[in-house]
Amino acid sequence: MRWFSEWRRARIIRRATFDEKLWRMTLERYSFFRSLADTERARLRDSVALFLHEKAIHGAGGLEMHDEMRVSIAAQACILTLNLGLDYYRGWVEVIVYPDEFVATYEFVDEDGVAHRVHEPMAGESWPRGPVILSWADARDTGYAGYNVVIHEFAHKLDMLNGDANGFPPLHADMSRDAWSRVFAAAYEDFCVRVDRGEHSLIDSYAAESPAEFFAVTSESFFALPHAVQSTYPDVYRQLALFYRQDPASRPARMATADFPAATA
Ligand SMILES: [Zn+2]
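### Let's talk about the sheet that holds strand S1 (residues 56-59)
And step 1. If you walk across this open sheet you meet the four strands as S1-S2-S6-S5, and the pairing is mixed. Of all strands in the sheet, those with a lone pairing partner are S1 and strand S5 (124-126), marking the two edges. For this sheet the average axis-to-axis angle between neighbouring strands, irrespective of direction, equals 15°.
And step 2. Bridge count for S5 against strand S6 (residues 132-135) is three bridges, and the pairing is antiparallel. Counted as the bridge partner of Glu125 is Ile133 from S6.
And step 3. Here helix H7 (residues 149-159) sits on the sheet and contacts strand S2 (94-98), S5 and S6; the angle it forms with S6, its principal contact strand, is near 170°.

Written out as structure tokens, the structure is:
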């Protein structure tokens, strides 16, 4: 039935209507869209049309969703799967968007067997086989260079394709599991030492939380600040390039045009 789903998807793409100005504004807003080649932009647009058809993006906490928000979130999500295909986001449908940081309540049992109940303000959250939850304030503005909550949460989604988020997404047949483990384990260990020493890094120190966060944060930087990953951890950059089948550092940097200024911090 593969031909049927391909035929159905082709029809959805043909019928999708985009506000041209809105689409161009979205592409101008983020550095990783501005540097895309025309063929990549066209593929991203098809992918966004499918994403908007297959996923339900709801506002919560009083947030009214507009096309600008839906297209912006879908486009950022689809940059990860540009060369992987939208099936990488299979098994779930919902994206929930709050106006700003939301308070998540969750429980966990620590090493001593003590149960904790935590209330924490969050910019984003991904549930296995469940929704992605985002703060629009964070999704709209990239904040400091390299920070991107949408890429972060959708990287967790890819990581969860083969079980819990652990920094080990399903690799392609031409990739080495040993190389991935070795490279990421060494970089993670090094990063934790640097964070403990209080060293400044262009990679967000939140990456030191766990191997899963290290993968999500380096994925953010891979797209939003590729040269930072490439210069700090070239082997991690290479593994991410193999996984995402993209080489963002090789794309020409393009400045935002005056008509559509880039998001500010
Ligand atoms: Zn995370």
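### Topic: unusual backbone geometry
And step 1. With a phi angle near 55°, Arg129 is a residue other than glycine that sits in the positive phi range.
And step 2. Along the polypeptide, Arg129 turns up in the loop between S5 and S6.
And step 3. Positive phi, normally seen in glycine, also occurs at Arg245, with a value near 55°.

### Describing the pattern of salt bridges
And step 1. Scanning the model with the defined rule gives nine salt bridges in all.
And step 2. Between Arg194 and Asp190 there is a salt bridge whose closest N-O contact spans 2.7 Å. Of the two residues, Arg194 and Asp190 are both situated in helix H8 (residues 177-197); the distance of four residues between them amounts to about one turn of the helix.
And step 3. Taken together, the shared-partner salt bridges connect Arg8, Arg9, Glu54 and Asp87 into one network.

### What about the coordination of the zinc ion?
And step 1. Coordination of the zinc ion by the protein comes from His152 (NE2), His156 (NE2), Glu213 (OE) and Glu213 (OE), over a distance range of 2.1 to 2.6 Å.
And step 2. Donor residues binding the zinc ion come from one chain and are separated in sequence as H-x3-H-x56-E. Here His152 is found in helix H7, whereas its partner Glu213 is found in helix H9 (residues 211-224), with 61 residues between them in sequence. The same class applies to His152 as to Glu213, namely buried.

### Points about the packing of H8 against helix H11 (residues 234-244)
And step 1. Interhelical geometry of H8 versus H11 gives an angle of 135° and a closest axis separation of 9 Å. What the angle tells us is that H8 and H11 run oblique. By crossing handedness, the relation of H8 to H11 is classed as left-handed. Mapping the contact onto sequence places Ala179, Trp180, Val183, Phe184 and Ala187 in H8 and Asp235, Val236, Gln239, Leu240 and Phe243 in H11.
And step 2. Along the lines of polarity and charge, the residues of the contact of H8 with H11 split into eight nonpolar, one polar and one charged.

What counts, and where the lines are drawn
Residues numbered from 1 in each chain as written. Predicted model: local features only at pLDDT ≥ 70, side-chain atom pairs only at ≥ 80, totals over all residues. Heavy atoms only, no water. Pairing = 2+ DSSP bridges. Helix = DSSP H or I, 4+ residues; strand = E, 2+ residues; numbered from the N terminus. Axes fitted to C-alpha atoms, helices over the stretch in contact; angles between N-to-C directions. Contact = heavy atoms within 4.5 Å. Salt bridge = Lys/Arg side-chain N within 4 Å of Asp/Glu carboxyl O. Donors = N, O, S within 2.8 Å, 3.2 Å for Na, K, Ca; no water. Buried < 20%, exposed > 50% of the residue type's maximum accessible area, 1.4 Å probe, protein only. Parallel < 35°, antiparallel > 145°, perpendicular 65-115°, else oblique. Left-handed = near helix turned anticlockwise from the far one by under 90°. Nonpolar A, V, L, I, M, F, W, Y, C, P; charged D, E, K, R; others polar.

Note that every value here comes from positions in space, so none of it alone points to a role or purpose.
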